[in-house]
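Single-letter residue listing:
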Amino acid sequence: MDTARESSGASLSIAGLLEFEEIRAAEPAVLAGEAGLDRAIRWVHIADSEHVERFLEGGELVLTTATAFRHSPAAMTEFLDQLERAGAAGTIIELVDENSTHDEEAREIAAAAASARELPVIVLPRRVKFVRITELAHRSLLAQQISRLEHAREIHETYTQLSLDRAEAQTIVDRTAELLGTAVVLEDVSHRVLAHSGRGSQALAQKWVDLISGASTTPGGHAPAQWRQTPVGLRSRRWGRLVVPGAAESVADLEQVIERAGEALTLTRMADRDEQDLLLQAQSGLIREITDSEGIDERSARERARSLGFTPAEGAELTPVVVRIDREADTDPTRVQLQERGLTQEIASAASRLNLCLLMTSLQSGVFGFVVGPCRGRNRRSQPSLRGAEEADERLTRLLAELDGLAASWVVGVGRGSTSLLRAVAGFEAASHVAEVASTLDVRERAFYRSSDVRIRGLLSLLAEDSRLRAFAEGELGPLLGEDGRRDGVLPFAANAADDGLLDFLELYLSHGGNKSAMARAGHLSRPALYARINRLQDRLGVSLDDAESRTALHVALLWWRMYG
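Residues numbered from 1 in each chain as written. Predicted model: local features only at pLDDT ≥ 70, side-chain atom pairs only at ≥ 80, totals over all residues. Heavy atoms only, no water.

Peer 1: Go over the sheet that holds strand S5 (residues 121–124), please, and point to the residues and values.
Peer 2: Pairing is mixed in the open sheet, where five strands are placed in the order S1-S5-S4-S3-S2. Looking along the sheet, the strands with just one partner apiece sit at the ends: strand S1 (29–32) and strand S2 (43–47). In this sheet, neighbouring strand axes are inclined to one another by 25° on average, regardless of whether the strands run parallel or antiparallel. Sheet topology places strand S4 (residues 90–94) next to S5; four bridges connect them, and they run parallel. In the sheet register, threonine 91 faces S5, and the bridge partner there is valine 121. On top of the sheet, helix H4 (residues 73–86) reaches strand S3 (60–64), S4 and S5; it is set at about 150° to S4, its chief contact. (Pairing = 2+ DSSP bridges. Helix = DSSP H or I, 4+ residues; strand = E, 2+ residues; numbered from the N terminus. Axes fitted to C-alpha atoms, helices over the stretch in contact; angles between N-to-C directions. Contact = heavy atoms within 4.5 Å.)

Peer 1: Describe the environment of alanine 424, with residues and values.
Peer 2: Its location among the elements puts alanine 424 in helix H15 (residues 421–426). With 53 residues separating them along the chain, alanine 424 and valine 371 place their C-alpha atoms 7.0 Å apart. Contact partners of alanine 424, with chain neighbours within four places excluded, come to Leu318, Pro320, Val371 and Ser418.

Peer 1: Give a detailed account of the side chain of aspartate 103, specifying residues and quantitative values.
Peer 2: As for its placement among the helices and strands, aspartate 103 is situated in the loop between S4 and helix H5 (104–114). Aspartate 103 gets classed as buried once you look at its relative accessible area, which sits at 11%. At 2.9 Å, the side chain of aspartate 103 and the side chain of histidine 71 are in polar contact. From its side chain, aspartate 103 meets the backbone nitrogen of glutamate 105 in a polar contact 3.4 Å long. When sequence neighbours within four positions are dropped, the list of residues in contact with aspartate 103 reads Arg70, His71, Leu95 and Val96. (Buried < 20%, exposed > 50% of the residue type's maximum accessible area, 1.4 Å probe, protein only. Polar contact = N/O pair within 3.5 Å; in protein donor to acceptor, adjacent residues only side chain to side chain.)

Peer 1: I'd love a proper account of unusual backbone geometry, names of residues and values included.
Peer 2: Phi at alanine 116 takes a positive value of approximately 65°, unusual for a residue other than glycine. For alanine 116, the position within the fold is in the loop between H5 and S5. Classification of alanine 116 by relative accessible area gives exposed; the value is 84%. The phi dihedral of asparagine 355 falls on the positive side, at around 60°, and the residue is not glycine. One can find asparagine 355 in the loop between helix H13 (333–353) and strand S11 (356–364). Among the residues examined, asparagine 355 registers a relative accessible area of 31% and is labelled partly exposed.

Peer 1: So what's going on with the packing of aromatic side chains? Which residues, and what values?
Peer 2: Following the criterion strictly, the structure yields two aromatic pairs and no others. On the numbers, 4.9 Å between centres and 40° between planes, the contact of phenylalanine 69 with phenylalanine 79 is tilted. Here phenylalanine 69 is found in the loop between S3 and H4, whereas its partner phenylalanine 79 is found in helix H4, with ten residues between them in sequence. In this structure, phenylalanine 69 and phenylalanine 79 share a single accessibility class: buried. (Phe/Tyr/Trp six-rings, centres within 6.5 Å; stacked < 30°, edge-to-face > 60°.)

Peer 1: I'd like a rundown of helix H7 (residues 169–180), residues and numbers included.
Peer 2: Side chains of residues three or four places apart in an α-helix project in the same direction, reflecting 3.6 residues per turn. When the terminal C-alpha atoms of H7 are compared, their 17 Å separation across twelve residues agrees well with the 16 Å that a helix rising 1.5 Å per residue should span. Those residues of H7 that sit buried are Ile172, Val173, Thr176, Ala177, Leu179 and Leu180. All buried residues of H7 project into a common sector of 160° when viewed along the axis, lining one side. Of the residues trailing H7, glycine 181 is marked for its positive phi of about 70°. (Expected span 1.5 Å × (residues − 1). Arc of directions from axis to C-beta.)

Peer 1: With reference to specific residues and values, describe the packing of H4 against H5.
Peer 2: In contact at an axis separation of 9 Å, H4 and H5 are set at 50° when each is read in the N-to-C sense. The orientation of H4 with respect to H5, classified from their angle, is oblique. For the pair H4 and H5, the crossing hand works out as right-handed. Between H4, through Pro73, Met76, Thr77 and Leu80, and H5, the contact on the second element is made entirely by Ile109, Ala110, Ala113 and Ala114. The residue makeup of the contact of H4 with H5, split by class, is seven nonpolar, one polar and no charged. (Parallel < 35°, antiparallel > 145°, perpendicular 65-115°, else oblique. Left-handed = near helix turned anticlockwise from the far one by under 90°. Nonpolar A, V, L, I, M, F, W, Y, C, P; charged D, E, K, R; others polar.)

In C-alpha cells, the structure reads:
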C-alpha cells in the first residue's frame, strides 16, 4: 500500500499519511480537527520546541515528541496556537516516556490544549521513527511534483503540436476533453455551439440555450456561473469561449489545459486568415529581395510594393520600424507566435484606420518590422510646420497609441526615415539593433526608440562580441571581480559586510555622479560609512574617482559588464 501511494501523483493528505504502516502501528488517536484530515500536506517538519512559528510557511505537517513542553499546559497551548497562526496542515505528537510507555499525563494536557480546535491534532501512544515518516512523506510529495511536471510537459507538447499542425477546432476540443476527462464545449459570442466533446457533451449541446439562460444546471449540479471557462480570440476581438461545465476542482492542471486550449484555438482561427498570411509572406519576400539583391532599383521596388497594397503619398517620408516582443528564456514559443500574429494584425488594422500604408516583414521569432508612411490621398493630420522626422514621429505615436490595452508587451526601435523605399528598408538593420538594445533597459519611458535614445548602450551592443571590449571591461573592473568573473560579494551595496558589494557601490557612485548626499540617501549609508566605502573602492581599483577619465572608463566598463559580462 505504501509503495502504491509513493509511486502515484495523488496529493498527500494527513489521512493518507496516517495509512502508512509505521504510523498505523503506533495506534494514532485524533484529539481534534478530524474534519480537516483531508488537508493536503505541502511538507513535513520536525520540531522539538513550542516556538515553531518562525520555521513554517503554511501547509506543513509538524512532527514532535513535545519532550520540552509536554507537561506544561501553557506551552502546549502556545505550540498549537503558533501552528494555527502559521497555517500548518496539522501536527502529530508522539507521547512516549523514556521507558517507551504512553505518557497519560501528557495526553491529557494535549487533549485539553487541542479542545475545540479545527487544527488536526494526532497523538501517538507508541514510539515511531520520525525519519521514516518524513522519508515516506517527502517521497510521496516529490512523486506528486514529478507527476505534475510530466503532465505539464504533456500539455505543452500536445498544444504546441496542435498549433504547428494547424489543427481544426474540433480536434483541439477533442484533445482537451481527453486530457480533462470531462465534457468540453466551444461556443461563439452568440452562445452557438461550434464544437463539443467528452462524455455527456452531446446532451449538453442539445440544451445549451436553456443552460446558458439559467433554466437548468449540468448533471453534476453546477450552474453556468460556476463553469470553468477561458475566452477565445484576441482581447479586442473575442469570438467565443471554451467552457468546461461541471469540471471538478481535483482535475489536474485544469487552468493550464483550458488556457493552452484557448490559445491553440485562437492561433488556429488566426491561421485561417490565409489572405492576410499570404500578403505578409509576399511583402516579406519583397523586403528580403530588396535587402539581399543589388539588382532591384527604386522604381522596380515601388512598383512591386504598389502591387502589394503599399501606396504611400508622393514624396512622403517612409520610416523603418522594428517591434521586438518581450520574452523570457523559458517563454513558450507558441505563445510568442500567438502574440506576434495578433500584434501584426492589430498594427495592420490600426494603420488602415489612420490611413497609413505598411510594408511588413517577419524578421525572426517574436521580432517583425514594417515600413510606414502616409497613404496617397490622405487628409494630412499633422501640423504643417513639422519637419519630416517630427511628422514621422507623430504618425508613429498615433499608430502605437492604437495598441493600448493589448496583453503582450514589446519594445519598438526606429531607423532613419527616407523618401526612398530602398533606403527605408535598409534602415531595418539599425532599427532592429535599437530595439534589441532598448529591450535591455531597466526602465522604458518611450513608446519607441531611435539610435539617439540608446546612446552608449547602442555602441556597446554593436561591440558586444569584441574580445577587446571584454578585455577592457575586465581590466577596469578586475579588482572587483573574483575568479572566473564572479562579483566581489553577493550582498547589495547597503550591506555591512566588509568586502561585499563593491561593484554595486561603484554603480551607485557613477549613477549619482559622485554626489555624496544623494549616494548616502539612496544607499541608506551614514557619512562616515560612505566615505570609508569610497576610500576602500578607490584603494581596490587603484584609481581616483575624482578623475573624469577614470569615471568615464569605469562607467563604460560597468555598462558593458551589466549587459554582457
